[in-house]
2 protein chains.
Amino acid sequence: MTQPPVTPFAELQANWPHLSIEERVHGFRKLTRDYREDLFFSLSSADQAELVLTMPEHERRTYLRTLPPDDVADLIQEAGDEEKDGLMALLDDMARTEVRALLAYAEDDAGGLMSPRFARLRPDMTVDEAITYLRLQSRNMETVYYAYVLDAHQRLLGVLSFRDLFTAHGAATVDKVMHRDIVSVQEETDQEEVARLFSTHDLAAIPVVNASGVMRGIVTVDDIVDVVQEEATEDIQKIGGMEALDAPYLDTGFFEMVRKRAGWLSVLFFGEMLTTHAMTHYEDEIARAVVLAVFIPLIISSGGNSGSQASTLVIRAMALGEVRLRDWWKVVRREILSGVVLGGVLGCFGLARVVLWEWFGGSYGPHYFPIGLTVGLSLLCVVMFGTIAGSMLPFILRRLNFDPASASAPFVATLVDVTGLVIYFSIAAYLLRGTLL
Amino acid sequence: MTQPPVTPFAELQANWPHLSIEERVHGFRKLTRDYREDLFFSLSSADQAELVLTMPEHERRTYLRTLPPDDVADLIQEAGDEEKDGLMALLDDMARTEVRALLAYAEDDAGGLMSPRFARLRPDMTVDEAITYLRLQSRNMETVYYAYVLDAHQRLLGVLSFRDLFTAHGAATVDKVMHRDIVSVQEETDQEEVARLFSTHDLAAIPVVNASGVMRGIVTVDDIVDVVQEEATEDIQKIGGMEALDAPYLDTGFFEMVRKRAGWLSVLFFGEMLTTHAMTHYEDEIARAVVLAVFIPLIISSGGNSGSQASTLVIRAMALGEVRLRDWWKVVRREILSGVVLGGVLGCFGLARVVLWEWFGGSYGPHYFPIGLTVGLSLLCVVMFGTIAGSMLPFILRRLNFDPASASAPFVATLVDVTGLVIYFSIAAYLLRGTLL
């Protein structure tokens, strides 16, 4: 538990994300030793790595050895491959073995999040023995919310919260008091799934077991807050139409950021080129009735906006586990209806826009009503198409094992722009044939 | 701690979000009493309220009384005003007083999240006395990660983690062992700020104090996971261009959902109508050079896409506290540079598109190069404008005390569409005067 006072420690900590590396090191050096440690503990793994790499070897060793093994593993991962061996060499033998095991897990799995230091009990201990034992052991444990009861083969038998221990009769044996129905995860469970379990069950820690039930470590809820923030950030950036950054905005290198944006922007650009082909195809119609061109941005953007609403709704509901792949029919039914209502509303606005303009000083000529009808009907159809496409795209992407969050607002808008043009000109061809076209 | 086994309890729990109210009640009734309680504890406050309202009075009383006061307050809030008095009447006197106090706080403040039941110690107790005392008291406490040391006026003096208690010498007094530099929040601290503190300091609980330092309760990290998810969901839905829903997608009433989407969709529609005015203004130019119309969707949507990237990046960085209002100049400098690079790339693509098309079977006539130049230069300027506008809009909204997340992808796209048209036709007027125009 890190507990900063008001100043200058607190000030340095609050300003940390906004400082340059030189300012960070300078501020860090000026703190007393205790505050340096407090600050160090409160930093993200990336910031810890950055700071450790500015230190001389004896100091590196001290700071590395104060961290629990899961945090050391994260720090080493952030420091990069070329620093890995040098940093590993500074650890004591036990920690090195633990860290090496942790580094073998994928960063986004339960195994990559877990700490191997948890409170263990034997089933035949009494509650009083357990409390005494935990008092002796707790220096080596990262957290002491729960104690886990293991058999001789290290298989997980049950769990006790400290509240359970405290309220139980001192002479009872642990296996009489423990809970046997345990929420646990496997080492390769994805961190989003782990976060969902924490949220559903309101737990402070979840045990990680391997396929034969042997307990490997615990994931604690304070690590999950960061996971949830990270996953939301990734989804938001993807929804915004780009590759997710891996670091805070101001810490991301300029060229990396531009690369991650330019990639999707170029893909969208080539997609959007299809509108140019579609428009070229309708060049004659535009030449004959320039008035048609005037409504193009209004109509296609309305489709894009309604599609963006639908896709973000579905992406988020999927990420939270509220909507599953097999719910697609429930969603599509709902979205068709939404599309009809929303399209109906905008369609009426569109028709009214043309008709009222004509009445109050108009410029659309004698065929203003069929023009208004074309605009209104196109809005209805394009908004309906946008809503359905936007809501289905995340399902299709997930079905194909892509991230549904890639159904970004710009991606859906591009898809709808092309189709919207075809819808608009088809309706125009039908309604205005013999008059304007 | 709720710990479900595999089936049928686990199945019901996993399917819960996808069941109708009748199926939920039916499934709940079929469980044994213990599992009913476990399930009840694992539900969201809204689902708990829904279930409680289907119960007869004696059962309502039982379930309400098993919940800690902060959860009762949430349940009553979800049940709605007309049920409030009836539910409050079922509580015992102590709980009713606590719940009434909690209901006075805004839902999004630290006060609305906190539990008034926490572990209290006096500074002059010994560690052994403290452990014994906590063993007796822990039945009434929601969580036992930390014990808080209060003076005679209930002012917060210090904090002890259970690990501290366990590792300290039994005869030492509490005030020698406790930490005095405490991270605490006020009752009216916003929940986003509370979440940031949890994330920065890796805490399991944060104490809530009033202005004179009197301790009112604790906020625990398991509640914060839900807060973080909720806040991210709100931001994602706003970024998608709609009002945030207050409930899961499939639980939100159809008309409420459509209303929340139609509102923004209509605002965007009226904003986008400005493109119609702009296009009408350039009708003569389009009539003279229909080829100009062909590139309109490509150019304006590229501006919208780059704007959407920039605004979502800044919105998220603001929500995470990485970027503050006073950082606007740092951001704008970065985004101008990004805009130049991204616009340069797309501008080259645009120029190449026109020139290559002409070379390989072309249709743009003798003035194809100035046309290509117009398209390329417009892309450069529109993407630059989109990037700058998208990154600055969240700052402007926050400065005016609006939610920066309202700078949604569709909102930025609409803004850029109108300006993009003006930029495009101005460049065309300049470069094509005397040839096509």
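For the structure, see preceding data.
These numbers come from a predicted model, not from an experiment.

Caption draft 1: Quick peek at the overall build of chain A. Secondary structure assignment for chain A yields 21 helices and 6 strands. A compact globule built from 437 residues should have a C-alpha radius of gyration of about 22 Å, whereas chain A, at 30 Å, is more than 25% larger. Taking the principal axes of its C-alpha atoms as reference, chain A extends roughly 95 × 55 × 40 Å. Taken over 437 residues, chain A has a buried fraction of 58%. If you sum the accessible surface of chain A, you get close to 17,600 Å²; carbon and sulfur atoms cover 56% of it. In chain A, which carries 37 positive and 59 negative side-chain charges, the distance between the mean positions of the two groups comes to 4 Å.

Caption draft 2: View of the interface of chain A and chain B. In this complex, chain A contributes 131 residues to the contact, which on the side of chain B involves 131 residues. Summing both sides of the interface, chain A and chain B together bury roughly 12,000 Å²; the carbon and sulfur share of this comes to 64%. Together, Phe 166, Tyr 249 and Arg 334 of chain A form the three largest contributors to the area buried by chain A at its contact with chain B, with a combined 7%. Scanning the region where chain A abuts chain B turns up 2 salt bridges. For the salt bridge of Glu 335 of chain B with Arg 261 of chain A, the shortest nitrogen-to-oxygen distance reads 2.8 Å.

Caption draft 3: Representation of the relation of the copies chain A and chain B within the structure. Taken as rigid bodies, chain A and chain B are interconverted by a rotation of 180° and an axial shift of 0.0 Å, the fit giving an RMSD of 0.1 Å. Interpreted geometrically, this transformation is the action of a two-fold axis. Looking at chain A, 99% of its interface residues are interface residues in chain B too, so the copies touch through the same face.

Caption draft 4: Region of interest: the sheet that holds strand β2 (residues 146–150) of chain A. All names here are of chain A. Reading across the sheet, the 3 strands line up as β1-β2-β3 and stay open at both edges, with mixed pairing between neighbours. Unpaired on one side and paired on the other, β1 (119–121) and β3 (156–161) mark the two borders of the sheet. On average, adjacent strands in this sheet sit at an angle of 35° to one another, irrespective of strand direction. As defined by bridge partners, β1 adjoins β2 across 3 bridges and the pair is classed as parallel. Paired with Ala 119 across the two strands is Ala 147, which belongs to β2. Helix α10 (residues 127–137) contacts β1 and β2 of the sheet and is inclined by roughly 145° relative to β1.

Caption draft 5: The packing of helix α18 (residues 296–319) of chain A against helix α21 (residues 409–432) of chain A, seen in detail. Residues and elements named next belong to chain A. Between α18 and α21, the shortest axis-to-axis distance is 8 Å and the interhelical angle comes to 140°. By the angle between their axes, α18 is oblique relative to α21. Considering only the axes of α18 and α21, their crossing is right-handed. For the pair formed by α18 and α21, the contact residues are Ile 296, Ile 299, Ile 300, Gly 303, Gly 304, Gly 307, Ser 308 and Ser 311 on the first element and Ala 409, Val 412, Ala 413, Val 416, Asp 417, Gly 420, Leu 421, Tyr 424 and Phe 425 on the second.

Caption draft 6: Representation of the sheet that holds strand β2 (residues 146–150) of chain B within the structure. All names here are of chain B. Spatial strand order, β1-β2-β3: 3 strands in an open sheet with mixed pairing. The sheet is open, and its two edges are formed by β1 (119–121) and β3 (156–161), each paired on a single side. Each adjacent strand pair in this sheet contributes to an overall mean axis angle of 35°, direction not counted. Sheet topology places β2 next to β3; 5 bridges connect them, and they run antiparallel. Note on β3: the bridge partner recorded for Tyr 148 is Val 159. Lying on the sheet, helix α10 (residues 127–137) is in contact with β1 and β2; it crosses β1 at an angle near 145°.

Caption draft 7: Fine view of the environment of Val 416 of chain A. Residue and element names in this part refer to chain A. The residue Val 416 is located in helix α21 in this model. Residue Val 416 is classed as buried on the basis of its relative accessible area, which comes to 0%. Not counting residues up to four positions away in its chain, the partners in contact with Val 416 are Ile 300, Gly 303, Gly 304, Val 382, Phe 385 and Gly 386.

Caption draft 8: Seen up close, the side chain of Arg 316 of chain A. Topologically, Arg 316 of chain A is positioned in helix α18. No salt bridge is formed by the buried Arg 316 of chain A; its nearest oppositely charged neighbour, Asp 235 of chain A, is found at 4.7 Å. Discounting chain neighbours no more than four positions away, the residues touching Arg 316 of chain A are Gln 229, Ala 232, Thr 233 and Ile 236 of chain B.

Caption draft 9: Layout of helix α14 (residues 221–239) of chain A. Residues and elements named next belong to chain A. In this model α14 runs 27 Å from its N-terminal to its C-terminal C-alpha over 19 residues, within 8% of the 27 Å that 1.5 Å per residue would give. Counting buried positions along α14 gives 16 out of 19 residues, so the element sits mostly inside the fold. A positive phi of about 90° marks Gly 241, the residue just after α14.

Caption draft 10: Structural detail: the packing of aromatic side chains. Taken as a whole, this structure holds 26 aromatic pairs over all chains when the rule is applied. Arranged with centres 5.9 Å apart and planes meeting at 90°, the rings of Phe 269 of chain A and Phe 270 of chain A form a pair that is edge-to-face. When the centroid spacing of 4.3 Å and the interplanar angle of 10° are considered together, the rings of Tyr 282 of chain B and Phe 425 of chain B count as stacked. Highlighted residues: Tyr 282 of chain B in the loop between α15 (254–281) and α16 (283–288) and Phe 425 of chain B in helix α21 (residues 409–432), separated in sequence by 143 residues. Judged on exposure class, the residue Tyr 282 of chain B and its partner Phe 425 of chain B are both buried. The structure contains a cluster of three or more aromatic residues connected by ring pairs, namely Phe 28, Phe 40, Phe 41 and Tyr 63 of chain A. Here the guanidinium or amino end of Arg 36 of chain B rests over the ring plane of Phe 28 of chain B, the centre of that ring lying 6.0 Å away. The aromatic ring of Trp 357 of chain B is capped on one face by Arg 353 of chain B, whose charged end is 3.7 Å from the ring centroid.

Caption draft 11: Structural detail: a negative patch on the surface. Residue and element names in this part refer to chain A. On the surface, Glu 78, Glu 107, Asp 108, Asp 190 and Glu 230 cluster together into a patch of negative charge. Topologically, Glu 78 is positioned in helix α6 (residues 69–79). Taking relative accessible area as the criterion, Glu 78 reaches 40% and is therefore assigned partly exposed.

Caption draft 12: Broad picture of a nonpolar patch on the surface. A contiguous nonpolar patch, built from Ile 336, Val 340 and Val 341 of chain A and spanning about 190 Å² of accessible area, is present on the exposed surface. You can see Val 341 of chain A is positioned in helix α19 (residues 328–359).

Caption draft 13: Highlighting the pattern of salt bridges. Residues and elements named next belong to chain A. Inspection of the entire model under this criterion finds 35 salt bridges over all chains. Between Glu 50 and Arg 24 there is a salt bridge, with the nearest N and O atoms lying 2.9 Å from each other. Note that Glu 50 is positioned in helix α4 (residues 45–52) and Arg 24 in helix α2 (residues 21–30), a separation of 26 residues in sequence. Taking relative accessible area as the criterion, Glu 50 reaches 29% and is therefore assigned partly exposed. Arg 24 sits in the buried class, given a relative accessible area of 2%.

Basis of the calculations
- Residues numbered from 1 in each chain as written.
- Chains lettered and ligands numbered in written order.
- Predicted model: local features only at pLDDT ≥ 70, side-chain atom pairs only at ≥ 80, totals over all residues.
- Heavy atoms only, no water.
- Helix = DSSP H or I, 4+ residues; strand = E, 2+ residues; numbered from the N terminus.
- Rg over C-alpha atoms; globule rule 2.2 N^0.38 Å.
- Buried < 20%, exposed > 50% of the residue type's maximum accessible area, 1.4 Å probe, protein only.
- Areas by Shrake-Rupley, 256 points an atom, 1.4 Å probe, with all protein chains shown as cover.
- Lys, Arg positive; Asp, Glu negative; His and termini not counted.
- Charge placed at Lys NZ, Arg CZ, Asp CG, Glu CD.
- Contact = heavy atoms within 4.5 Å.
- Buried area = accessible area lost by both parts, 1.4 Å probe.
- Salt bridge = Lys/Arg side-chain N within 4 Å of Asp/Glu carboxyl O.
- Least-squares fit on C-alpha atoms with pLDDT ≥ 70 in both.
- Pairing = 2+ DSSP bridges.
- Axes fitted to C-alpha atoms, helices over the stretch in contact; angles between N-to-C directions.
- Parallel < 35°, antiparallel > 145°, perpendicular 65-115°, else oblique.
- Left-handed = near helix turned anticlockwise from the far one by under 90°.
- Expected span 1.5 Å × (residues − 1).
- Phe/Tyr/Trp six-rings, centres within 6.5 Å; stacked < 30°, edge-to-face > 60°.
- Lys NZ or Arg CZ within 6 Å of the ring centre and 35° of its normal.
- Patch = residues over 30% accessible without salt bridge, like charges linked within 9 Å, V, L, I, M, F, W, Y side chains within 5 Å.

In short, shape yes, function no, at least from these values alone.
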